[in-house]
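If you want the building blocks of each chain, they are given just below.
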Amino acid sequence: MTQALDWDPGDYARFSGLRLRPALDLLAQVCTIPGGDVIDLGCGAGAVAGPLARRFPGHRLIGVDASAAMLAEAAGYADVQQADIAAWQPDAPPALIFSNAALHWLPDHRVLLPRLAGMLARGGTLAVQMPRQYDAPSHRLLREVAARLFPERFDPATWQPPVADASAYWSLLAPIGQVTAWEAEYVQHLPAAPRGHPVRAFTASTAMRPFVAGLSDADSAAFLDHYDAALLAAYPLLPDASALMPFRRVFFTLKV
């Protein structure tokens, strides 16, 4: 990851099952790969290490992440490397660069993705999954509440969607190799949260982090109160105080 704040592995792991399923769906679309390392790019605490190792047992598995806290929890890799994805370079051409829910934190995908593809061994694969949830209430309300409460800190006019649609990635990568691109919406059932709305509990460890970073305790509390109220209207609670949260993700694989 490339966020200035380090990540909290415990908070992120609270919804590990929901976060792992898209990675497994992406992995299921990766066919044979040549010799070379398998790179888990933006590996976090290593949630996908086991599935990757079982799928490609004859390959050295390397985890790469910018977060020291996440890498301290990561297991199942032959090696882990702390690095900014935007500047990372492999030691040798990888057979597979697998990135689950990481590249949306990086800008300029038109430059980044061809650069990653150019690192692959001949016949290698780039496989990527990213959230494409930014127009959904869970993420849109973060921007709206922040702009309403703290207009001097958050200017919605400067915001740009960090992730394009699947067809845009197909068009970008098709000149390089064989591309498969698709989108899927997962209906996530979120349990009742000890504090706040269940959707807030889900976004707290990811999308919400940049919005509350640097706020005072009072400002943070005001932000969370307004965000919870807006979420309650967008995602009504079920009788047991749980909630349904549809979540859209974009996927693509590129074989060079």
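My aim in this report is to walk through the structure given alongside it, one point at a time. (Residues numbered from 1 in each chain as written. Predicted model: local features only at pLDDT ≥ 70, side-chain atom pairs only at ≥ 80, totals over all residues. Heavy atoms only, no water.)

It is worth spelling out the sheet that holds strand β7 (residues 243-255) at this point. An order of β3-β2-β1-β4-β5-β7-β6 is seen for the seven strands of this open sheet, with the pairing classed as mixed. The open sheet has two free edges, formed respectively by β3 (79-82) and β6 (178-190), since each of these has just one partner strand. The sheet shows a mean angle of 15° between the axes of neighbouring strands, direction not considered. Bridging between strand β5 (residues 125-131) and β7 involves seven bridges; their strand directions are antiparallel. Bridge assignment links Ala127 to a residue of β7, and that residue is Thr253. Sitting on the sheet, helix α5 (residues 109-118) is in contact with β1 (38-41), β4 (96-100), β5 and β7, with an inclination near 150° to β5. In the packing of helix α7 (residues 166-173) onto the sheet, contacts are made with β5, β6 and β7, and the angle to β6 comes to roughly 155°. (Pairing = 2+ DSSP bridges. Helix = DSSP H or I, 4+ residues; strand = E, 2+ residues; numbered from the N terminus. Axes fitted to C-alpha atoms, helices over the stretch in contact; angles between N-to-C directions. Contact = heavy atoms within 4.5 Å.)

With that settled, consider the pairing of β5. Along β5, seven of the seven residues are buried, which leaves the element largely enclosed by surrounding structure. Neither face of β5 is left uncovered, since the one carrying Thr125, Ala127, Gln129 and Pro131 and the one carrying Leu126, Val128 and Met130 both have all their residues buried. Considered for its hand, the β-α-β crossover made up of β4, α5 and β5 is right-handed. (Buried < 20%, exposed > 50% of the residue type's maximum accessible area, 1.4 Å probe, protein only. Right-handed = clockwise from strand over helix to strand, strands pointing away.)

Okay, the layout of surface pockets next. For the largest pocket, the calculated volume is near 860 Å³. Lining of the largest pocket is provided by 38 residues; of these, His104, Tyr134, Trp159, Gln160 and Pro162 occupy positions nearest its centre. Listing elements by their share of the lining of the largest pocket, those giving two or more residues are α5, α6 (137-149), α7, α9 (209-212) and β7. At four residues, α6 tops the list of elements feeding residues into the lining of the largest pocket. Class assignment for the residues of the lining of the largest pocket results in 26 nonpolar, six polar and six charged. (1 Å grid on protein atoms, 1.4 Å probe; cavity = no way out; pocket = protein on both sides within 12 Å on 5 of 7 lines; lining within 4 Å. Points joined across faces, edges and corners; volume = space filled by probe spheres on them. Nonpolar A, V, L, I, M, F, W, Y, C, P; charged D, E, K, R; others polar.)

With that out of the way, let us pick up empty space enclosed by the protein. Throughout the structure, instances matching the rule amount to one cavity of 30 Å³ or more. Taken as a whole, the largest cavity holds about 40 Å³ of empty space. Taken together, Asp37, Ile39, Arg60, Ile62, Gln81, Trp88, Pro90, Asp91, Ala92 and Pro94 form the lining of the largest cavity. Partitioning the lining of the largest cavity into residue classes produces six nonpolar, one polar and three charged.

All we've got here are geometric facts, nothing functional implied.
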